[in-house]
Amino acid sequence: MLAHSLRRSLVHARTAHRALSTTAPRLNPSSGVHPYSFLPSNSLDPKPRIKGLTEIRGPYYYPVTKTYLDELLSDWGEYVDGVKFAGGSFSLMPEARLKALIETAHKHGCYVSTGGYIERVLSTSGGNKEVISKYLKACKNMGFDVLEISSGFLSIPTEDWASLIEFTAAHGLKPKPEVGIQWGAGGDASVEELESAGTRDPKWLIDRANMFLQAGAYMIMIESEGITENVKNWRTDVISAVTSALPRDKIMFEAADPEVFAYHIQNQGARANLFIDHSQIVQLACLRRGIWGTGGTFARVVTFEGATEAAGKGK
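All of these numbers come straight from a predicted model, not from anything done at the bench. (Residues numbered from 1 in each chain as written. Predicted model: local features only at pLDDT ≥ 70, side-chain atom pairs only at ≥ 80, totals over all residues. Heavy atoms only, no water.)

**Things to note about the pattern of salt bridges**
Under the counting rule described, the total for this entry stands at nine salt bridges. Residue R49 is joined to D81 by a salt bridge in which the shortest nitrogen-to-oxygen separation is 3.0 Å. Here the residue R49 occupies a position in the loop between α1 (2-23) and β1 (54-57), and D81 occupies one in the loop between α2 (66-76) and β2 (82-84), the gap between them amounting to 32 residues. In terms of burial, R49 and D81 fall into one category: buried. By sharing partners, the salt bridges in this structure join K84, E148 and E254 into a single network. (Salt bridge = Lys/Arg side-chain N within 4 Å of Asp/Glu carboxyl O. Helix = DSSP H or I, 4+ residues; strand = E, 2+ residues; numbered from the N terminus. Buried < 20%, exposed > 50% of the residue type's maximum accessible area, 1.4 Å probe, protein only.)

Here it is in C-alpha cells:
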C-alpha cells in the first residue's frame, strides 16, 4: 500500500509539473519575457527603434568599463539605444580597450556615438580636410556608428557645417549635428558666463537644423544649455518651437536631469528621443512605460498601441 501511494504521489507531481511548465512563461533573460508582463504598461517599439530612443552617456564624469557596460546592458539594454562618449574620452583609451567597449555596446544592439570632439579637431587643424578625413576614418575603423558634430565653442559658417555633415556621411558615419541657442555651450559654464555670452533666436536653430537634415544628418541633437541647463528659467518656448517645426523622429534633446526628461516625456509623450546619463536608465524606463513617476507624471504617461499601425498606413 505504501509503495502504491508513493507511485501515485510521484505521478501526480509529474503531471502537475508538466502542466505548470506548459502554462508558465520561461524566463530566459535574452528572450524578453518579463515575470510581471501580465501587468499593464505602455507599449514601446522593439529595437532597433526610430522613436523613443534613449542615448546614454558613457565614459566622462564616471569611468565606464567594458565589464560595467556589459553588466549594465545585460540588465537594461532593452531600454537603451545608443552609447555616447563625452569630452573626447575615447581618445585617451588604448585601441584594444576602446574597440572592446564599442563591441560590447554593439553586442547589446546599441549604436555608439563619438560625442563632441570634432570641434577640437577642427580648431587645432584649422579645418584641414586631410586631418578631418584621417579623424573620420579612425572613428570608422574603431567601430563608431554616429559622429556628433557640435559647434558650441566654434564660430563656423553654416555652409561649412553642412559640408562637414556631407563629408562625414561619405566616410560611412551617421552625422549628428548638435544645435543650440547658447554660444559657448558644452563645457558646464556658469549661468552668469552663459548669460553674458548671449543666446540665439530659436529660428536660427530651426533653420540650421532643416539645412543639416537636407545635407544628410541622421538626427539633430538639441543642446540643453541655455534652454533647460545653466539657466535661471527654462526656455520652454524654444522646446515648443523645435518640436513644432522639426520632425519628431529626427530630434533628440539633451536631458541629463530627471526633472528635464520628465518634462519632455510629459509634453512630448513616452516616445521622445532623449539623451541621459547612464545612471538614469531605470528612472526613464519606468517613466516611459508609465509604471512610476512623480506627482505630476504618476499614472499620466500613456501610449496607444494602434498609433504605430495607423502611422504605417499613412493615417
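**Observations concerning the nonpolar core**
Counting residues in hydrophobic clusters, the biggest one holds 67 residues, and the most contacted among them are I118, Y135 and F144. Residues in contact with F144, not counting those within four places in the same chain, are F85, F90, L98, I102, V112, S113, T114, C139 and L173. Judged by nonpolar contacts, the second largest core, of eight residues, contains L53, Y111, Y218 and M252. (Core = buried A, V, L, I, M, F, W, Y, C linked by side-chain atoms within 4.5 Å. Contact = heavy atoms within 4.5 Å.)

**A word on helix α8 (residues 202-214)**
Compared with the 18 Å implied by 1.5 Å per residue over 13 residues, the 19 Å span of α8 between its first and last C-alpha is a close match. Residues P202, L205, I206, R208, A209 and F212 constitute the buried set of α8. Residues of α8 that are buried make contact with α6 (158-170), β5 (174-179), β6 (220-222) and α9 (236-245). Between the side-chain oxygen of the N-cap and the backbone nitrogen of K203 there are 2.7 Å, and the N-cap of α8 in question is D201. (Expected span 1.5 Å × (residues − 1). Polar contact = N/O pair within 3.5 Å; in protein donor to acceptor, adjacent residues only side chain to side chain.)

**Considering the packing of aromatic side chains**
Per the counting criterion, the structure on display carries 12 aromatic pairs. Taking the centre distance of 6.3 Å and the plane angle of 40° together, the rings of W76 and Y79 count as tilted. On the accessibility criterion, W76 (31% relative accessible area) is partly exposed. For Y79, a relative accessible area of 17% gives the class buried. Between W292 and F298 the ring centres are 5.3 Å apart and the planes differ by 85°, which places this aromatic pair in the edge-to-face class. Note on F298: relative accessible area 40%, which makes it partly exposed. Taken together through their ring pairs, the aromatic side chains of F85, F90, Y117, Y135 and F144 make up a single cluster. Geometry around F275 places K84 over its ring, the cationic atom sitting 4.2 Å from the centre. (Phe/Tyr/Trp six-rings, centres within 6.5 Å; stacked < 30°, edge-to-face > 60°. Lys NZ or Arg CZ within 6 Å of the ring centre and 35° of its normal.)

**Focus on the confidence of the model for the protein**
Predicted coordinates in areas of low pLDDT are best not read in detail. Per-residue confidence for the protein averages 86 on the pLDDT scale, and 82% of its residues sit at or above 70. A low-confidence stretch, residues 1-7 (pLDDT under 50), is modelled with zero contacts involving residues beyond four sequence positions or located in other chains. Segment residues 9-31 is flagged for pLDDT under 50; beyond a separation of four residues in sequence, or across chains, it makes seven contacts in the model. (pLDDT = per-residue confidence, 0-100.)

**What to know about the pairing of strand β8 (residues 274-277)**
Of the two faces of β8, the one carrying L274 and I276 and the one carrying F275 and D277 are both buried. Of the strand pairs in this sheet, β1 and β8 are connected by four bridges, and their pairing is parallel. Looking at the pairing, E55 lines up with F275 of β8. Where strand β7 (residues 251-254) lies against β8, two bridges are found, and the strand directions are parallel. Each bridged residue has a counterpart across the sheet, and for F253 the counterpart in β8 is L274. Assessed by its sense of winding, the connection that carries the chain from β7 through helix α10 (residues 258-268) to β8 is right-handed. (Pairing = 2+ DSSP bridges. Right-handed = clockwise from strand over helix to strand, strands pointing away.)

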